[in-house]
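Secondary and tertiary structure notes
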Amino acid sequence: MKKLIILLLILHCVIGLIGCSHKEPSVVNTYYAASDADVEQENEEYLILYTHYEMSDGTWKTDENTYQYRLEITGRMGNATQDNTFIFLSNIEDITFEQAWKAAGFSSNMNDYFEPEVAKFVAIKY
């Protein structure tokens with residue numbers, strides 16, 4: 001009887017450890033950066049500048065950083081005839097269109113750019 005109780009107690013502990021183990025998120029989707037040839041040949045909706053990954057836990061990753069959000073930020077720059085949409089992976093929930101277009105490479109002021117661990121411009125929608 002003692003052996004049965006000890007065996008059940010050990011089994012209970014093992015099952016508890018298995019159930020409490022932390023599972024690493026896995027890649028759900030991969031968005032590959034376009035090569036120069038891809039840009040000329042394909043008429044895709046997005047021009048992906050940096051390879052990035054959608055993860056099973058809802059986060060987004062580049063090869064260097066993990067981000068909580070994927071933001072599509074749309075607006076019109078100056079006298080442009082159509083809207084632009086910039087796609088950022090970000091650890092901040094809200095980026096304004098003005099911040100986005102500047103950080104996408106349209107500003108000469110380095111203070112307008114995000115640190116890579118804060119936000120990364122990964123694609124443009126056209």
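Here the structure is shown first, and the text comes after it.
Anyway, here's the lowdown on the structure attached to this text. Worth saying up front: this structure is predicted, and the values here are computed from it rather than measured.

Moving on: the sheet that holds strand β8 (residues 119-125). With antiparallel pairing, four strands are arranged side by side in an open sheet as β2-β8-β7-β6. Only two strands of the sheet have a single partner each, and these edge strands are β2 (46-48) and β6 (69-75). Taking the axes of each pair of neighbouring strands and ignoring which way they run, one obtains an average angle of 30° across the sheet. Of the pairings in the sheet, the one linking β6 to strand β7 (residues 84-90) comprises seven bridges and is antiparallel in character. The residue of β7 that forms the bridge with Tyr 69 is Ser 90.

Among the secondary structure elements, Thr 62 is positioned in the loop between β4 (60-61) and β5 (66-67). Setting aside anything within four residues of it in sequence, one finds Thr 62 in contact with Thr 51, His 52, Tyr 53, Tyr 67, Leu 89, Lys 120 and Val 122.

Cut-off values and rules
Residues numbered from 1 in each chain as written. Predicted model: local features only at pLDDT ≥ 70, side-chain atom pairs only at ≥ 80, totals over all residues. Heavy atoms only, no water. Pairing = 2+ DSSP bridges. Helix = DSSP H or I, 4+ residues; strand = E, 2+ residues; numbered from the N terminus. Axes fitted to C-alpha atoms, helices over the stretch in contact; angles between N-to-C directions. Contact = heavy atoms within 4.5 Å.

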